[in-house]
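Coordinates in review
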Amino acid sequence: MKKAPYTHAPAKAQRGVALILVLGLMAIITILATTITGTVQFSANQHVTLKDMRQAYWFARGGEVYALSTLADLKEKSLLEATDTQVTFPVSGDGHTGMVSYQLTPLHTCLNINSLDITFENPDARSLLNKNVWTYFLENKAQISGATITQLLQRAADWIDPDTQPKTPYGAESLFYSGQTPPQQPPNSTMLASAELGALDALNDDEQQAIRPFLCIRPDDNTLAINPNDLTADDAYLLSVLTQGQLDENQALSVIESRPDDGYAELAAFWADPALSEVDDSVEASFTLARHYFKLDTQVVLGTAPFRLISLLRIDEDDTTHVISRRYGVTP
């Protein structure tokens, strides 16, 4: 049987195949070019953002230095004004313009978590006062049960105190926390963050959320130390808590609103308010007119880099200033 003779494809068909190949190569080249261009653009934008971020960080640190320089004037000033606590100023760098703003908040209008450093065996006056204030707050303001309150107070005391042995039935030390997932190690020193309350495994999430807005951290300070010159109408609950209900919130609000326009020059003037005449004398130890701890919230917007720095500041009796901690990151 004779084979059919081989014939070449028509020239028109060959041209069609070549066209398809050329179009395919052009598509591949276009995709590669687009990808490379996008990568280069992304890298360039990332470089600019990182550069702006570094610049914003140092602007924020500059705001921190400025705030530290003002603390000596604010430590015992009667009343703080908006110009004392809020500063906003423009900045520029590498062709970009932006803004730095900071909010300085004295940490003497909140419940200091480290006042949970309570001695349960042969307690001194401070421990008794702090225990009573915390118990009233947790029971009446956060609606937490008595058994949970006892567990929280005793575990917090062991978490803070320097020894390694539980002192109370509900206390806990390394042996308890090492069995958690993940394992924990109590610092046996003052707390540095309110999140440490969660590590005590005494409050559920809802209870923690209920009390967190009323709390603050003052490391190396186990007192309540509330400054009546810094109280606002929103702090009426706190004045009621400190008196363990001897003042209700309406009475507490009246005391705050009757404060002299230039503030109290001494605590005796505060206690001279007729509404406080029936308050137990032991409560006086909860108050001070000095300010030693501040929270500084610095926000910077520069070019493509929003940046936030939250600093915890302290000023000692000799006017020495310290940055105790920093938390920083991009603003929401």
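Notes on the structure in this doc start here.

The rules behind these values
Residues numbered from 1 in each chain as written. Predicted model: local features only at pLDDT ≥ 70, side-chain atom pairs only at ≥ 80, totals over all residues. Heavy atoms only, no water. Buried < 20%, exposed > 50% of the residue type's maximum accessible area, 1.4 Å probe, protein only. Helix = DSSP H or I, 4+ residues; strand = E, 2+ residues; numbered from the N terminus. Pairing = 2+ DSSP bridges. Salt bridge = Lys/Arg side-chain N within 4 Å of Asp/Glu carboxyl O.

This paragraph deals with the pairing of strand S6 (residues 305-315). Among the 11 residues of S6, nine are classified as buried, and the element is accordingly described as predominantly covered. Bridge analysis of strand S5 (residues 293-302) against S6 gives 10 bridges, and the strand direction is antiparallel. The residue bridging Lys295 from the neighbouring strand is Leu312, located in S6. Between S5 and S6, which pair antiparallel one after the other, the connecting turn spans two residues, and Gly303 there sits at a positive phi close to 60 degrees. Sheet topology places S6 next to strand S7 (residues 321-329); eight bridges connect them, and they run antiparallel. Within S7, the residue paired with Leu312 across the bridge is Ser325.

Here Thr181 and Pro182 are connected by a cis peptide whose omega angle stands at -5 degrees. Residue position: Pro182 is located in the loop between helix H5 (174-177) and helix H6 (196-199). Of note, Asn122 is a non-glycine position whose phi angle comes to about 55 degrees, a positive value. In this fold, Asn122 is placed in the loop between strand S3 (111-112) and helix H3 (125-141).

In the structure shown here, the tally under the stated rule is 12 salt bridges. Residue Glu64 pairs with Arg61 through a salt bridge whose shortest N-O separation is 3.4 Å. Of this pair, Glu64 and Arg61 both sit in helix H1 (residues 11-74), three residues apart, roughly one helical turn. Judged by relative accessible area, which is 22%, Arg61 ranks as partly exposed. Salt-bridge contacts for Arg314 lead to Asp316; the nearest nitrogen and oxygen are separated by 3.1 Å. Its relative accessible area of 17% is what places Arg314 among the buried residues. For Asp316, a relative accessible area of 23% puts it in the partly exposed group. Connected through salt bridges with shared partners, the residues Arg61, Glu64 and Arg326 form a single ionic network.

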